[in-house]
Amino acid sequence: MRRQVLLFLSTLSLCTVHGQVSYSIPEEMSKGSLVGNIAQDLGLDLKRLKTGKARLHVGNGAEYIELNKERGLLIIREKTDREALCKQTSPCALQFQIILENPIEFYRVTVEITDINDNAPIFKMNSMLFEISESAVRGTQFVLEKALDTDVGGNGLKSYSLYPTDNFVLKFNVNAEGEKEVEMVLEKPLDREKQEHLTLTLTAFDGGEPQLSGTVKIHVTVLDANDNAPVFTQSTYKASLMENTPKGTSLMTVMATDVDQGAYGLITYSLSSNTEGILDLFEIHGASGEVRLIGKVDYETSKHYQLNVKARDTGGLHDSCKIQFDIIDVNDNVPIIDLMSTSQSIPENSAIQTVVAVMNVHDADSDNNGVVTCFLSENVPLIIENASNGFYSIVTNSELDRERFSEYNITVSCSDEGVPSLSSSVTLTLQISDVNDNAPVFERSSYEAYIIENNTPGLSVFTVKARDADWNQNARVSYILEDSSVNGVPVSSYVSVSADSGVIHAVRSFDYEQFKDFHFRVKVQDGGSPPLSSNVIVKILIQDQNDNPPQVLYPVQTGGSLVAEMVPRSADVGYLVTKVVAVDVDSGQNAWLSYKLQKATDRALFEVGSQNGEIRTIRQVTDKDAVKQRLSVIVEDNGQPSRSATVVVNVAVADSFPEVLSEFTDFTHDKEYNDNLTFYLVLALAVVSFLFITCVVVIISVKIYRWRQSRVLYHSNLPVIPYYPPRYSDTLGTGTLQHVYNYEVCRTTDSRKSDCKISGAGSQNVLIMDPSATGTMQRIQSEKSILDEPDSPLEVS
Ligand SMILES: *[C@@H]1O[C@H](CO)[C@@H](O)[C@H](O)[C@H]1NC(C)=O
């Protein structure tokens, strides 16, 4: 409709102009479409057109329009495209002429082709690609390619839009040549790590009705920048580690991440430490972050290790973290015993609780691994006492005795409480030194020694020996003779003791007949300070030697005296003529006497009792027998060699004294004795009696004296009794005689009427004497009992 309006307006205006008409049609009209009624518009008759052979003259242009002569119309011969015809030229018009012949006339026709919005804006490229670093700053501009719209005027390109607008905005700019440009301006920085690729849509709009648009994709690739440092997953890593962990053990792996790409995201790990030496123990694998042990960790050196780890990317950004290793103790240290002070030796009298050693024990491990207990070897009189802080002392806990144990090997063992436990030990030797606590002791509680009389002075008799359990000087013994007296004489004049050897020497020669034994004390003393001593009684028994011959007491042998025993002629067989009495001051065998008839006037008449010395008749005396009988009796002791004495006994065989006298006149004559025989005979009897009494008195006095002495000293038999009875018995095997012997000493006048009183009681211990020279002496065998009992009655009748 608008086309038509224009047509009419132009037609009207062209009517005034000769030979010229204009039309306006929109482009893209279909073939056959009416452009205008040219005949009418030019005022030409259709006939004229025919006759004038009207035709269109286009020149060299294409014929888009044709003339319909019959109807006088201009119609579209070919579709027109304004953009093709005129490009961007505006206005766009087709100019041609209508030529008529007969007459020739021509008219100019102008057909303006108006634009219709038949083209959308288009972009030459399918897409636009940008690579923008994420480090690009805000305001950075990126020139975009423009869109094209072949339409002109209002149908041409009008505006753009960009979507999304998160990071970029559009900006229009006029460049130096005055061209309009479309720019994309970075409004918000990019982050590759958030979004690596962006796609935007740029839309171009035209101004047509309806509006057309064209789009293009803008692909933005965000380039990485090293804008991210590596970051450790933990700021502190902790791990525990046994101290005996072998070298090369992988302990842990640390990790850092870097969100950057490529080289900027490549992390290298390294270790550092403020503490020297740690880097010799640990290493880290630069790429993997694996931490390994390369040395030996020792709990006792360090309980904790701290390492710094740095992670660095290629761009030089870095992060660091810490690794803390706690070392776990392992029982790898034995207790160490440090003997601070020890005694080599202590005296045996040391008090209980005497300190022998002080020591310190420590174990470098910790907790139970370092808890130590110590103990001593058994069977030592010592205990270990724990002071504090690992100090121990070894003290005695019982009394010591060097004589039992002079040395102790003390083993101290200490072990910790680790599992398994470690232990160590040390041995020390303790000597127990001697103290003089033992007195010397004689080997026997008493000693008895025998010595044969008549010894040589200086003879070694005997050895006493004492022992001392102590040691060395404390055990060095010396022997000392203790002062005492024997029979009033200092004992040192009898014996001496060798101080060193204990040998006892006789100082003098002993006489058994003087004393038979004596005793004394020997003291032994050690060399300690103060010395200890003990003593022992030594009894010396003197042994008899046969050094005394028998002594004949009766008949008394006085030179020239005339003593005879009377035997009546009526005497029977076995008549006791007399008795030879002899003693031997020796003892034992040496004093055992035997009697033998050595010579006799008539051997067939008399015999001598070999044991008792009794001279008896062995046949009836006859008248033929001589008055004078002379017998020689030998008395022998039993010693080795034996000693003997000989006695001559005169026997008168007669019934009366005068007969004897007459006979003995010859007898005396034979003996060259003078006439006053009788006087001498009487005198002899008196002398015998006197001697006998004297002897008895002497014996009693001596016995009393010795009894007194025996209170002080054990008795010694002084052989002062001149008439010891012969202790002899065939039947006795021992020297102890049980028999009681009765002896008669009778007057020679009449033995049959003897006044001898025979004591019947053997236990009465009585000595009976006849003062009228006719003595009957009776003696109880045990002479000792008489002597020992001072209250024994001594009766004189
Ligand atoms: C102590 O040990 C030493 C050396 O081993 C040894 O000669 C000695 O007999 C020992 N003493 C005791 C009392 O065991």
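The rules behind these values
- Residues numbered from 1 in each chain as written.
- Predicted model: local features only at pLDDT ≥ 70, side-chain atom pairs only at ≥ 80, totals over all residues.
- Heavy atoms only, no water.
- Helix = DSSP H or I, 4+ residues; strand = E, 2+ residues; numbered from the N terminus.
- Buried < 20%, exposed > 50% of the residue type's maximum accessible area, 1.4 Å probe, protein only.
- Contact = heavy atoms within 4.5 Å.
- Areas by Shrake-Rupley, 256 points an atom, 1.4 Å probe, with all protein chains shown as cover.
- Pairing = 2+ DSSP bridges.
- Axes fitted to C-alpha atoms, helices over the stretch in contact; angles between N-to-C directions.
- Phe/Tyr/Trp six-rings, centres within 6.5 Å; stacked < 30°, edge-to-face > 60°.
- Disulfide = S-S within 2.5 Å.
- Core = buried A, V, L, I, M, F, W, Y, C linked by side-chain atoms within 4.5 Å.
- Salt bridge = Lys/Arg side-chain N within 4 Å of Asp/Glu carboxyl O.
- Patch = residues over 30% accessible without salt bridge, like charges linked within 9 Å, V, L, I, M, F, W, Y side chains within 5 Å.
- pLDDT = per-residue confidence, 0-100.

**Looking at the overall build of the protein**
Argument step 1. A tally of regular secondary structure across the protein gives seven helices and 55 strands.
Argument step 2. Looking at the protein as a whole, 40% of its 797 residues qualify as buried.
Argument step 3. A sequence separation of at least 24 residues applies to 66% of the contacts in the protein between residues at least 6 apart.
Argument step 4. Only carbon and sulfur atoms are counted for the fraction: they give 52% of the accessible area of the protein, which is about 42,500 Å².

**Some points on the sheet that holds strand 18 (residues 236–242)**
Argument step 1. Reading across from one edge, 18-25-24-21 is the order of the four strands in this open sheet, with mixed pairing throughout. The sheet terminates laterally at strand 18 and strand 21 (267–272), the two strands that pair on one side only. Neighbour-to-neighbour, the strand axes of this sheet turn through a mean angle of 25 degrees, independent of strand direction.
Argument step 2. In this structure, strand 21 lies alongside strand 24 (residues 304–313), joined through six bridges in antiparallel fashion. The residue of strand 24 that forms the bridge with Y269 is A311.

**Observations regarding the packing of aromatic side chains**
Argument step 1. According to the stated counting rule, one finds 19 aromatic pairs in the structure shown.
Argument step 2. Between the aromatic rings of F123 and Y160, the centroid separation amounts to 6.2 Å while the plane-to-plane angle is 50 degrees, which identifies the pairing as tilted. Of this pair, F123 sits in strand 8 (residues 122–123) while Y160 sits in strand 12 (residues 157–163), and the two are 37 residues apart along the sequence.
Argument step 3. Under the relative-accessibility criterion, Y160 is labelled buried at 13%.
Argument step 4. Judged by centre distance (4.9 Å) and plane angle (10 degrees), the ring pair of F282 and F325 falls under stacked. Separated by 43 residues along the polypeptide, F282 in strand 22 (residues 282–284) and F325 in strand 25 (residues 318–328) bring together distant segments of the chain.
Argument step 5. Exposure remark for F325: the relative accessible area of 1% places this residue in the buried category.
Argument step 6. Pairwise contacts between aromatic rings join Y494, F510, F515, F518 and F520 into one cluster.

**Quick look at the environment of K465**
Argument step 1. In this fold, K465 is placed in the loop between strand 36 (460–463) and strand 37 (466–467).
Argument step 2. Under the relative-accessibility criterion, K465 is labelled partly exposed at 38%.
Argument step 3. Along the backbone, K465 and S478 are 13 residues apart, and their C-alpha atoms lie at a distance of 9.8 Å.
Argument step 4. Beyond its immediate chain neighbours, meaning those up to four positions away, K465 contacts V441, F442, E443, Y447 and Y479.

**As for the pairing of strand 30 (residues 382–386)**
Argument step 1. Note that strand 30 and strand 31 (residues 391–396) share five bridges and pair antiparallel. By the bridge assignment, L382 is partnered in strand 31 with T396.
Argument step 2. The turn joining strand 30 and strand 31, which pair antiparallel and follow one another in sequence, is formed by four residues; a positive phi near 55 degrees is taken by N389.

**Quick word on the state of the cysteines**
Argument step 1. Evaluation of the coordinates by the stated rule reveals two disulfides.
Argument step 2. For C86, the disulfide goes to C92, at an S-S distance of 1.4 Å. Disulfide C86-C92: the torsion about the S-S bond is 65 degrees, which places it as right-handed.
Argument step 3. With relative accessibility at 11%, the residue C86 sits in the buried group.

**Describing the nonpolar core**
Argument step 1. Counting 29 residues, the largest nonpolar core has F518, F520, V522 and V538 as the members making the most contacts within it.
Argument step 2. Where this core is concerned, the elements lending two or more residues are strand 35 (446–452), strand 36, strand 38 (478–481), strand 41 (495–497), strand 42 (503–506), strand 43 (517–525) and strand 44 (533–543).
Argument step 3. In contact with V522, not counting residues within four places along its chain, are F442, V464, Y479, I480, L481, V497, I504, S534, N535, V536 and V538.
Argument step 4. Counting residues in each nonpolar core, the second largest holds 26 residues, with A256, I267, L271 and I278 among its members.

**Looking at the pattern of salt bridges**
Argument step 1. Applying the stated rule across the entire model yields 15 salt bridges.
Argument step 2. Here E290 ties to R292 by a salt bridge, and the two come within 3.6 Å at their closest N and O atoms.
Argument step 3. Its relative accessible area of 30% is what places R292 among the partly exposed residues.
Argument step 4. One continuous salt-bridge network, built from bridges that share partners, spans R192, E193, E196 and D224.

**Remarks on the sheet that holds strand 19 (residues 250–253)**
Argument step 1. Taken together, the three strands give an open sheet; going across it, the order is 19-23-22, and neighbouring strands pair in antiparallel fashion. One side of each edge strand has no neighbouring strand; the edge strands of this open sheet are strand 19 and strand 22. On average, each strand axis in the sheet is inclined to that of its neighbour by 20 degrees, with strand direction left out of account.
Argument step 2. Taken together, the three bridges between strand 19 and strand 23 (residues 290–293) define a ladder with antiparallel strand orientation. Bridge pairing links T253 to E290 in strand 23.

**Observations regarding the environment of L67**
Argument step 1. Mapped onto the elements, L67 comes out in strand 4 (residues 65–68).
Argument step 2. Judged by its relative accessible area of 17%, L67 is buried.
Argument step 3. Separated by 31 residues in the primary sequence, L67 and I98 have C-alpha atoms spaced 8.9 Å apart.
Argument step 4. The residues touching L67, leaving out its near neighbours within four places in the chain, are I38, A54, R55, L56, L73 and L74.

**What to know about unusual backbone geometry**
Argument step 1. Omega for the peptide link from S90 to P91 comes to -5 degrees, which places this bond in the cis form.
Argument step 2. Assignment of secondary structure puts P91 in the loop between helix 4 (82–86) and strand 6 (92–100).
Argument step 3. Put simply, Y554 and P555 share a cis peptide bond, and its omega is -5 degrees.
Argument step 4. On the secondary structure map, P555 appears in the loop between strand 45 (551–554) and strand 46 (565–567).
Argument step 5. Its identity as a non-glycine residue notwithstanding, K53 has a phi of 50 degrees, on the positive side.
Argument step 6. Within the element layout of this structure, K53 appears in the loop between helix 3 (46–51) and strand 3 (55–57).
Argument step 7. Of note in the backbone geometry, Q353 takes a positive phi value of approximately 80 degrees without being a glycine.

**Side note on the side chain of T110**
Argument step 1. By the element assignment, T110 lies in strand 7 (residues 105–114).
Argument step 2. Assessed through its relative accessible area of 15%, T110 is described here as buried.
Argument step 3. If near-sequence neighbours (up to four positions away) are discounted, T110 is found in contact with V21, S22, Y23, A93, L94 and Q95.

**As for the pairing of strand 15 (residues 197–206)**
Argument step 1. The buried fraction of strand 15 is high, at seven of ten residues.
Argument step 2. Taken together, the six bridges between strand 12 and strand 15 define a ladder with antiparallel strand orientation. Pairing of Y163 across the sheet is with T201, part of strand 15.
Argument step 3. Note: strand 15 against strand 16 (residues 213–223), nine bridges, orientation antiparallel. When the sheet's bridge partners are listed, T201 is paired in strand 16 with K217.
Argument step 4. In textbook terms, the turn of a hairpin is the stretch between consecutive antiparallel strands, and for strand 15 and strand 16 this stretch comprises six residues.

**With respect to a nonpolar patch on the surface**
Argument step 1. Side chains of F679, Y680, L683, V687, F690 and L691 sit close together on the surface and give an oily, nonpolar patch of about 580 Å² of accessible area.
Argument step 2. Within the element layout of this structure, Y680 appears in helix 6 (residues 677–712).
Argument step 3. Of the residues examined, Y680 reaches a relative accessible area of 39% and is grouped as partly exposed.

**Topic: the confidence of the model for the protein**
Argument step 1. The share of residues in the protein with pLDDT of 70 or more is 84%, and the mean pLDDT across the chain is 82.
Argument step 2. Ranking the helices and strands of the protein by mean pLDDT puts strand 38 first, with 96, and strand 55 (residues 778–779) last, with 36.
Argument step 3. With pLDDT under 50 throughout, residues 667–672 is counted as low confidence; its partners more than four residues away or in other chains account for twelve contacts.

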